[in-house]
Amino acid sequence: MSTLEENLKPSIVLLSASDLELELKELKEEIKSLRDNNDIDHSRLNEKIDNIAKSITC
């Protein structure tokens, strides 16, 4: 087998179902954390925009 063919061979890693479950749980928690942080940032921005709008209209 040539070097090129060896490089093209897929690398397969077998994981147990519990390993996959743990990784999925960690990813889910990380996504939730990012979403929560994003919600907080949006809330702060909305607050600032409201304050600017109030100061302009007064």
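What comes next is a walk through the structure. Since the structure is predicted, the reported quantities are computational estimates derived from the model, not experimental observations.

What counts and what doesn't
- Residues numbered from 1 in each chain as written.
- Predicted model: local features only at pLDDT ≥ 70, side-chain atom pairs only at ≥ 80, totals over all residues.
- Heavy atoms only, no water.
- Helix = DSSP H or I, 4+ residues; strand = E, 2+ residues; numbered from the N terminus.
- Rg over C-alpha atoms; globule rule 2.2 N^0.38 Å.
- Buried < 20%, exposed > 50% of the residue type's maximum accessible area, 1.4 Å probe, protein only.
- Areas by Shrake-Rupley, 256 points an atom, 1.4 Å probe, with all protein chains shown as cover.

**Describing the overall build of the protein**
1) Next: Helices and strands together make up the secondary structure of the protein, namely two helices and zero strands.
2) Next: Against the compact-globule benchmark of 10 Å for 58 residues, the protein has a radius of gyration of 24 Å, which places it well outside the compact range.
3) Next: Along the three orthogonal principal directions, the C-alpha set of the protein runs to about 80 × 30 × 5 Å.
4) Next: A total of 58 residues make up the protein; the buried ones form 0% of that total.
5) Next: Looking at the protein as shown, the accessible area adds up to about 5900 Å², and 58% of this sits on carbon and sulfur atoms.

**Things to note about the environment of lysine 48**
1) Next: Here lysine 48 lies in helix H2 (residues 17–57).
2) Next: The class for lysine 48 is exposed, based on a relative accessible area of 55%.
3) Next: Along the backbone, lysine 48 and leucine 8 are 40 residues apart, and their C-alpha atoms lie at a distance of 53 Å.

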